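Architecture at a glance
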Amino acid sequence: MTDRPTNRLTDRFTRYPLDKVHRLFEPGPVVLVSTSDGRHANLMTNGFNMPVRHSSTIALVVGPWDDTFTALRDTGECVVGIPGRELLEKVVDIGNVSGADVDKWERYGLTPAPGEAVRAPLVAECFANVECTVADDRLVDDHDLWLLRIEQAWIDPAAPAGAEIHHRGDGTFSANGELIDLRARMTKWEALTRD
Ligand SMILES: Cc1cc2nc3c(=O)[nH]c(=O)nc-3n(C[C@H](O)[C@H](O)[C@H](O)COP(=O)(O)O)c2cc1C
């Protein structure tokens, strides 16, 4: 391959608006971020998130427009709950109101459960919960990006694999469809394919 391919693909591709590029990357799970400052426990909806390092680090965008931002900054910890399809309408509603105005746990009938490593509660209705502490906040001022250390994680073993829901970035969501099992091809990464 030469450095600069000469064939043009403009008959197949059109320009994609830069402000929509996030939709191409979006389909991480839509999650609930649980925080508690000791007096007030809150929940927010988060769609911009990613794994960063196996076993230890995830990243979330939580901006100063969220009440959760203050709790995360002040306490340095949170729980990330992963909801299944049955919670999706509530998850969207939770992302449309501020914990400064309402008790979202009460309004949406969600049950706080004690974790082991952090004070923020797990969300009992989520099929998985990840207890986190802030590992690095150096990108927060410029990018609202929090690097979180995974301290403890919980899963309901009865939940079907791939139960998470994906936000497509525009208010539409997708559930996982057909499971494509390519574990046998992951020759270099065989360790990742074990249970
Ligand atoms: C589907 C969806 C995804 C969202 N993703 C994010 C996100 O990734 N980061 C963020 O800061 N806010 C996100 N929001 C907005 C917050 O959930 C919203 O500002 C919420 O009211 C914050 O709650 P709080 O003020 O109680 O913390 C999202 C909202 C929805 C509905």
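Per an unreviewed UniProt entry, the recorded name for the chain is Flavin reductase family protein, and the organism is Xylanimonas oleitrophica. Note on the chain: under the UniProt heading Cofactor (unreviewed entry), the record states "FMN".

**Quick word on the site of the ligand**
Neighbouring the ligand are 22 residues; Asn42, Asp66, Asp67, Thr68 and Gly99 lie closest to it. Interatomic distance of 3.2 Å between a side-chain N/O atom of asparagine 46 and an oxygen atom of the ligand. Interatomic distance of 3.2 Å between a backbone N/O atom of glycine 63 and an oxygen atom of the ligand. Starting from 640 Å² of accessible surface for the ligand in isolation, the protein chains cover 86%. Mapping the ligand onto the cavity grids shows that it belongs to the second largest pocket. For the shell around the ligand, the elements supplying multiple residues, two or more each, are β2 (41–46) and α2 (67–75). If one sorts the elements of the shell around the ligand by residue count, β2 sits on top with five residues. Here the residues of the shell around the ligand are counted per class, giving nine nonpolar, ten polar and three charged.

**Section: the nonpolar core**
Val62, Cys78, Val80, Cys132, Trp146 and Leu148 are the most contacted members of the largest nonpolar core, which has 19 residues in total. For this core, the secondary-structure elements that each account for two or more residues are β1 (31–36), β4 (57–61), α2, β5 (77–82), β8 (128–136) and β9 (145–155). Those residues within four positions of tryptophan 146 in sequence are excluded, and the remaining contacts are Ile58, Ala59, Leu60, Val62, Phe69, Leu72, Arg73, Val134, Asp136, Asp137 and Val140. In terms of nonpolar packing, the next biggest core, distinct from the first, is built from 13 residues, Val30, Leu87, Leu88 and Leu110 among them.

**Regarding the UniProt feature "domain: Flavin reductase like" (unreviewed entry) in the chain**
Within this structure's numbering, the places UniProt gives as "domain: Flavin reductase like" (unreviewed entry) are residues 23–172. Summarising residues 23–172: 18% helix, 37% strand, and an end-to-end C-alpha distance of 10 Å.

**Side note on the layout of surface pockets**
In this structure, the largest pocket spans a volume of roughly 1300 Å³. Lining the largest pocket are 40 residues, and of these Pro29, Ile82, Ile155, Gly162 and Glu164 sit closest to its centre. Of all the elements in the fold, those that place two or more residues in the lining of the largest pocket are β3 (49–53), β4, β5, β8 and β9. Here the residues of the lining of the largest pocket sort into 23 nonpolar, ten polar and seven charged. For the second largest pocket, the calculated volume is near 540 Å³. Around the second largest pocket, the lining comprises 29 residues; the ones closest to its centre are Met44, Thr45, Trp65, Asp66 and Gly95. Those elements that place two or more of their residues in the lining of the second largest pocket are β2, α2 and α3 (88–94).

**Some details on the pattern of salt bridges**
Inspection of every chain in the model, using the stated rule, returns eight salt bridges. Two residues, arginine 149 and glutamate 151, come together in a salt bridge whose shortest N-O distance is 4.0 Å. Judged by relative accessible area, which is 35%, glutamate 151 ranks as partly exposed. The salt bridge partner of aspartate 181 is arginine 183, with a shortest N-O separation of 2.7 Å. A residue is classified by how much of its surface remains accessible, and aspartate 181, at 45% relative accessible area, is partly exposed.

**A few points about unusual backbone geometry**
Residues other than glycine seldom take positive phi values, yet serine 55 does so here, at roughly 65°. Mapping serine 55 onto the fold places it in the loop between β3 and β4. Positive phi is not limited to glycine here, since aspartate 144 has a value of about 60°. Here aspartate 144 is to be found in the loop between α5 (140–143) and β9. Classification of aspartate 144 by relative accessible area gives buried; the value is 18%.

Thresholds, definitions, all that
Numbers given to residues run from 1 along each chain, matching the order in which its sequence is written. It should be noted that, the model being predicted, local features are given only for residues of pLDDT at least 70 and side-chain atom pairs only at 80 or more, the latter also being counted only at that level, while totals for whole chains, interfaces and linings use all residues. To obtain the side-chain values, all non-hydrogen atoms of the structure were used and water was disregarded. UniProt positions are given in the numbering used here, feature names are shortened, and annotations may be inferred rather than shown by experiment. What makes a residue near a molecule or strand is one non-hydrogen atom of that residue sitting within 4 Å of it. Identification of polar contacts relies on pairs of N or O atoms within 3.5 Å, with a donor-acceptor requirement for protein atoms, meaning one able to donate a hydrogen and the other able to accept it, and with residues adjacent in sequence counted only if both atoms are side-chain atoms. Here the accessible surface of atoms and residues is derived via Shrake-Rupley with a 1.4 Å probe, and residues count as covered only by protein chains that are part of the display. Put plainly, a pocket is an open set of points on a 1 Å grid over the protein atoms alone with protein on both sides within 12 Å along at least five of seven lines, a cavity is a set where a 1.4 Å probe fits but cannot get out, and a lining residue has an atom within 4 Å of a point. Think of it this way: if more than half of a molecule's atoms are within 2 Å of a pocket's grid points, that molecule is in the pocket or cavity. Helix numbers and strand numbers start at the N terminus; a helix is a DSSP run of H or I with at least 4 residues, a strand a run of E with at least 2. Ten residue types, Ala, Val, Leu, Ile, Met, Phe, Trp, Tyr, Cys and Pro, are classed as nonpolar, four, Asp, Glu, Lys and Arg, as charged, and the remainder, Gly among them, as polar. As used here, the term nonpolar core means buried Ala, Val, Leu, Ile, Met, Phe, Trp, Tyr and Cys residues forming a set that is joined through side-chain atoms within 4.5 Å. Only protein chains enter the calculation, and the probe is 1.4 Å; a residue is then buried if its accessible area is under 20% of its type maximum, exposed if over 50%, and partly exposed in between. Only heavy atoms enter the contact rule, under which two residues are in contact if any of them lie within 4.5 Å. Grid points are joined across faces, edges and corners, and a volume is the space filled by probe spheres set on the points. Salt-bridge detection follows one rule: a side-chain nitrogen of Lys or Arg within 4 Å of a carboxyl oxygen of Asp or Glu.

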